[in-house]
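Coordinate analysis (summary)
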Amino acid sequence: MSAPPPWQRAVLAVQGRANPLLRRAVDHPDVAAGIALGQSLRHDVLRAAEAPSRRLWHLLNLPAGSDINRLLVQIAALEREVRELRKRVEDTHDEIQEPYT
Amino acid sequence: MIGPVLRATQVTSHRVLRTAERLSRGARRAAFDLAPPESPTPRLQVWSRDKVRLFRYVTPEGVTRRDAPPLLIVMSLVTTSLVFDLQEHNSVVRRFLDEGYDVHLLDWGVPDAVDSANTLQTYCDEYLPRAVQATLRESGAEEVVLFGYCLGAVLAMLSLAGHERMPVRAMILLATPVDMSELGPLTSMLRDRRLTVDDLLDWSGNVPPERIKESFHLVEPAGEITTYLSLWNSLGDPERLQAHDALVRWSSGHIPFPGEAFRQMTELFIHQDSLVTGKVPLGRRIVDLADITVPVLSVTGAKDKLVPAASSAPLALPGADLERLELNAGHAGLIVGRKAHKEMIPAMLEWLRVRT
């Protein structure tokens, strides 16, 4: 395999130096705290924005995204129960026991 | 005098042409989906439960099947199992098939809201033992060889330790995360309780793929540059471009991580360090890694940034014949690429040949 051209070697050298620096920065307690705060904030902001936007959609007599998500979660819970029951019936029918216990 | 000028003109025009060719190939790639087909090696689905599927690969013509236990590949929960069979000439599955092994792959599927309640027990006590049973039924063998990759190695290990009667001849563990403090910023934030599991879950109760991708970017913040350089270099050669696209498609194709399993792993593996101590509470019992008594090969990559060798180093299996192998590769490089096929996979095959 031929050696990379000079411009690529330069880019790789810059990356090689930047990576540990950036990684050290990310690992710094203050930066890590900032990133964690950003993640939590994103979660909180989305939750805070949900109520007014839901009210707006409801004023238009339309379901909000959170209504649909709630329904999907309920359907998923139901599907999970059905799945467990189906597996229990199938295992009983096929006389399958928990293997290797 | 004219000679050097002519040569310089020739070199420059050659470079201009190569660049134009690369740009045109890049434009076509951006405009059309030129991705190679998924899983090029023929396979049959031989068992399924919920979203989990067990595939058995078809032995290529002319290959005599070896008198050895079938191989059961166990994938991580973070990405898809495409990595094992990226391309015809870049496939660890194909390589094992060519060596005469009967290869099975356990694919967890793509979790949705229904699977958000899946716990480690779901994978280690329900799916995996049944998949082993199905593999034995399908192959007519009496034992299997477990081949776990990344988090799949942890699942394979826990399942075997928790089911002493599981008929396993040997186990290969690739890039096994044991000491989670070595895994990068996300685990550190969870460990320091700066971040809670709930901050990461979406409406479906799972950790969305974007969060997983972000956490990997934090591990290697300037890592994207290498990807773009590799793309630029690959644009000059259609075969290399296909290989690049296949790898990028896999490495960026994260899937949702089941929320309950993530919560449990955070508590057990990050806060309690239970993989380091070797005693993992699962359900109503404590699974002791010391109960593993089969030969184990733990392979790590010296260049692995996602699961550094230091993370696998504390792996202790006092009851097993544990051999460690550190290879000069990154996370995917252990099984993908020219070097993997030249050095890594032959090393695993040789270990396996002696044990089976």
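Here's a quick rundown of the structure. These figures come from a predicted structure and were not determined experimentally.

**Describing the pattern of salt bridges**
This model, assessed by the stated rule, comprises 33 salt bridges over all chains. Among the salt bridges present, the one from Glu260(B) reaches Arg263(B), with a minimum N-O distance of 3.4 Å. Of this pair, Glu260(B) and Arg263(B) are both found in helix H10 (residues 259-271), three residues apart, which corresponds to roughly one turn of the helix. Judged by its relative accessible area of 34%, Glu260(B) falls in the partly exposed class. Relative accessible area serves as the criterion here: at 30%, Arg263(B) is assigned to the partly exposed category. Salt bridges linked by common partners bring Arg83(A), Glu84(A), Lys87(A), Asp91(A), Arg49(B), Asp50(B), Lys51(B), Asp112(B), Asp115(B), Glu126(B) and Arg130(B) together as one network.

**Considering the sheet that holds strand S1 (residues 43-49) of chain B**
Residues and elements named next belong to chain B. Strands sit in the order S1-S2-S4-S3-S5-S6-S9-S10 across an open sheet of eight strands; the sheet is mixed. At either end of the open sheet lies a strand with only one pairing partner, and these are S1 and strand S10 (321-327). Shown here is a sheet whose adjacent strand axes are inclined to one another by a mean of 20°, direction ignored. Here strand S3 (residues 71-74) pairs with strand S5 (residues 144-149) via four bridges, running parallel. Within the sheet, the bridge partner assigned to Leu-71 lies in S5 and is Val-145.

**Some thoughts on the side chain of Thr266(B)**
In this structure, Thr266(B) sits in helix H10. Thr266(B) has contacts with Leu190(B), Val197(B) and His271(B), leaving out every residue within four places of it along the chain.

The rules behind these values
- Residues numbered from 1 in each chain as written.
- Chains lettered and ligands numbered in written order.
- Predicted model: local features only at pLDDT ≥ 70, side-chain atom pairs only at ≥ 80, totals over all residues.
- Heavy atoms only, no water.
- Salt bridge = Lys/Arg side-chain N within 4 Å of Asp/Glu carboxyl O.
- Helix = DSSP H or I, 4+ residues; strand = E, 2+ residues; numbered from the N terminus.
- Buried < 20%, exposed > 50% of the residue type's maximum accessible area, 1.4 Å probe, protein only.
- Pairing = 2+ DSSP bridges.
- Axes fitted to C-alpha atoms, helices over the stretch in contact; angles between N-to-C directions.
- Contact = heavy atoms within 4.5 Å.

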